[in-house]
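As a plain string of letters, each chain reads:
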Amino acid sequence: MSAARLPLEGITVVSLEQAVAAPFATRQLADLGARVIKVERPGTGDFARGYDETVHGQSSHFVWLNRSKESVTLDVKTPGGREVLARLLTDADVFVQNLAPGAAARLGLSAAELARAHPSLIVCDISGYGADGPWADRKAYDLLVQCETGVVSVTGTPEAPAKVGIAIADIAAGMYAFTGILTALYERRATGTARAVEVSLFEALAEWMGYPAYYTAHSGSQPQRVGAAHATIAPYGPYDAADGKTVLLAIQNEREWASFCAEFLDDASLATDPRFHRNSARVARRAELDAIVAARFAELDAAEAVALLERAKVANARLNTVTDFLAHPVLAGRDRWRDVATPGGPIRALLPPAVLAGVEPRMDAVPGVGEHTESVLKELGYEHSAITQLREAGAV
């Protein structure tokens, strides 16, 4: 921990959360110093704990999303569980939930009801398709939302669509929830007004579909699937070098195209060739252009190709595996890894990407199921006998 005060110290977040979207939002609040009390089901906890057992017997999703939190088990369907939650919310600044459609309202935890009981509480609801509207009661998971927003239709090869390999709908919703909560905290401090925050997976990912949406609306056809290449810029994508490794390059403007022709292709005349003299022409003749570029790559190993691309000042990258990524020199050179404790043993975790000068983010342990239940209940004023009664009733 840095000696500097963390920006969100003194903020208490209570989260009735599961899976990815809400835990991602609250973990980022915890990174910045907020106290996050994660409410889980007695016994099993957040169902994401059971996604896999790859990280010292724990789920890779869970250890990624839940460091620096306190785990309290509550059955909020029981009178005792609801009473504990009510006490937690009395002194909380933020309440986050991403339960199944309609579940929060049935439990008396709608934003409107909570605003009446706790006027200074910022309530953040994360749903699949919005709190109201025609699909408010419809279940939503990441892949389904990728399909409904059209992401899958523009991802993959000409022969087959593909989902994005990470949970981008959940991640997008978690990011917008995080920024929405920060905005609401800022406004509450400035005006005293606590505004509710609502984020849906569908609308978060809809924002990310801006470029293909505008392109389709104004051209009459959507961008084609081109695998790892760019649908509307050429050359922009992967090429195989002579040693079997894959290098990607990205031409962004005509200056870079001219430099690429002279330095990499060793044929400056291609820059003004009518077939390729501007990007739209290169896209129209993509197959012809790709054959020329691929032939040059076939003469070079990957290191030689990268050296020439760097000399030409053309952006490039290796097609790394996840193992390559874990050993990436940028992460090592910038000291981005930290050790984090988990119930199964220590792991390496990446620092959050926003670097605040002079501040070391909190990187505390991933909690076990209900690890903090008793300490939090005692903090709320429950005596040992009352805690025992709650356990016997199945409320905690």
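Here we summarise the structure given alongside this text. (Residues numbered from 1 in each chain as written. Predicted model: local features only at pLDDT ≥ 70, side-chain atom pairs only at ≥ 80, totals over all residues. Heavy atoms only, no water.)

All right, on to the overall build of the chain then. Per the secondary structure count, the chain includes 17 helices and 11 strands. Going through the 396 residues of the chain one by one, you find that 45% of them count as buried. Intrachain contacts of the chain at a sequence separation of at least 6 include 66% that bridge at least 24 residues. Per element, the accessible surface of the chain, about 19800 Å² overall, is 55% carbon and sulfur. Seen as two clouds, the 38 positive and the 48 negative side-chain charges of the chain have centres 2 Å apart. (Helix = DSSP H or I, 4+ residues; strand = E, 2+ residues; numbered from the N terminus. Buried < 20%, exposed > 50% of the residue type's maximum accessible area, 1.4 Å probe, protein only. Contact = heavy atoms within 4.5 Å. Areas by Shrake-Rupley, 256 points an atom, 1.4 Å probe, with all protein chains shown as cover. Lys, Arg positive; Asp, Glu negative; His and termini not counted. Charge placed at Lys NZ, Arg CZ, Asp CG, Glu CD.)

Next up on the list: the environment of Val84. Here Val84 is to be found in helix H3 (residues 79-90). Residue classification places Val84 among the buried residues on the basis of a relative accessible area of 1%. Val84 sits 166 residues away from Ala250 along the chain, and the two C-alpha atoms are 55 Å apart. Among residues more than four places away in sequence, those in contact with Val84 are Leu74, Leu377, Leu380, Tyr382 and Leu390.

This part takes up unusual backbone geometry. Where the residue is not glycine, phi is negative for most of them; where a peptide bond is considered, it is trans in most cases. A cis amide bond, omega -5°, links Ala234 with the succeeding residue Pro235. Located in the positive-phi region is Ala19, a residue other than glycine, with phi close to 65°. Mapped onto the elements of the fold, Ala19 is located in the loop between strand E1 (12-16) and helix H1 (21-31). For Lys313, which is not a glycine, the phi torsion comes out positive at approximately 60°. Residue position: Lys313 is located in the loop between helix H13 (302-311) and strand E9 (315-318). Note on Lys313: relative accessible area 66%, which makes it exposed.

Taken as a whole, this structure holds 22 salt bridges when the rule is applied. Here Arg35 and Glu379 are joined by a salt bridge, their closest N and O atoms 2.7 Å apart. Taken together, the positions of Arg35 in strand E2 (residues 35-40) and Glu379 in helix H16 (residues 373-379) put the pair 344 residues apart, joining distant regions of the chain. In this structure Arg35 comes out as partly exposed when scored by relative accessible area, which is 23%. Residue classification places Glu379 among the exposed residues on the basis of a relative accessible area of 52%. (Salt bridge = Lys/Arg side-chain N within 4 Å of Asp/Glu carboxyl O.)

Let us look at the sheet that holds strand E6 (residues 197-200). Reading across from one edge, E3-E2-E1-E4-E5-E6 is the order of the 6 strands in this open sheet, with parallel pairing throughout. The strands lining the two open edges of the sheet, one partner per strand, are strand E3 (69-73) and E6. In this sheet, adjacent strand axes meet at a mean angle of 20° when their direction is disregarded. As judged from the 4 bridges shared by strand E4 (residues 94-97) and strand E5 (residues 122-127), these two strands associate in the parallel manner. Its bridge partner being in E5, Phe95 is matched across the sheet by Val123. Its contacts with the sheet put helix H8 (residues 201-208) on E5 and E6, and the angle it makes with E6 is roughly 70°. (Pairing = 2+ DSSP bridges. Axes fitted to C-alpha atoms, helices over the stretch in contact; angles between N-to-C directions.)

A complete count under the given rule lists 10 aromatic pairs for this structure. Ring centres of Tyr129 and Trp135 lie 4.9 Å apart, and the angle between their planes is 85°; this geometry places the pair in the edge-to-face category. Members of the aromatic cluster, connected to one another through ring pairs, are Tyr239, Trp257, Phe260, Phe264, Phe276 and Phe297. If you follow Arg282 out to its NZ or CZ, it ends over the ring of Trp257, 4.7 Å from the centre. (Phe/Tyr/Trp six-rings, centres within 6.5 Å; stacked < 30°, edge-to-face > 60°. Lys NZ or Arg CZ within 6 Å of the ring centre and 35° of its normal.)

We now examine a nonpolar patch on the surface. On the surface, Tyr141, Leu143 and Leu144 cluster together into a nonpolar patch covering about 290 Å² of accessible area. Counting through the fold element by element, Leu144 comes out in helix H6 (residues 142-148). On the basis of relative accessible area, Leu144 is assigned to the partly exposed category, the value being 40%. (Patch = residues over 30% accessible without salt bridge, like charges linked within 9 Å, V, L, I, M, F, W, Y side chains within 5 Å.)

In this section: the sheet that holds strand E8 (residues 246-250). Pairing in this open sheet of 3 strands is antiparallel, and the strands run E7-E8-E9 from one edge to the other. Lying at the two open borders of the sheet, with one neighbouring strand each, are strand E7 (236-240) and E9. Neighbour-to-neighbour, the strand axes of the sheet open up by a mean angle of 25°, direction not taken into account. Relative to E9, E8 is paired through 4 bridges, and the arrangement is antiparallel. Across the sheet, the residue bridging to Leu249 is Asn316, located in E9. Contacts from helix H12 (residues 286-297) reach E7 and E8, with the element oriented near 45° to E7.

Attention now moves to the nonpolar core. Counting 35 residues, the largest nonpolar core has Val13, Val96 and Ile126 as the members making the most contacts within it. Those elements giving two or more residues to this core turn out to be H1, E4, E5, helix H7 (168-191), E6 and H8. Per-element accounting of this core gives the leading share, 9 residues, to H7. (Core = buried A, V, L, I, M, F, W, Y, C linked by side-chain atoms within 4.5 Å.)

To continue, consider the environment of Arg391. Locating Arg391 in the fold gives a position in helix H17 (residues 384-392). By relative accessible area, Arg391 is classed as partly exposed at 41%. Along the primary structure Arg391 and Pro79 are separated by 312 residues, whereas in three dimensions their C-alpha atoms are 12 Å apart. The residues contacting Arg391, other than those within four sequence positions of it, are Thr373, Glu374 and Val396.

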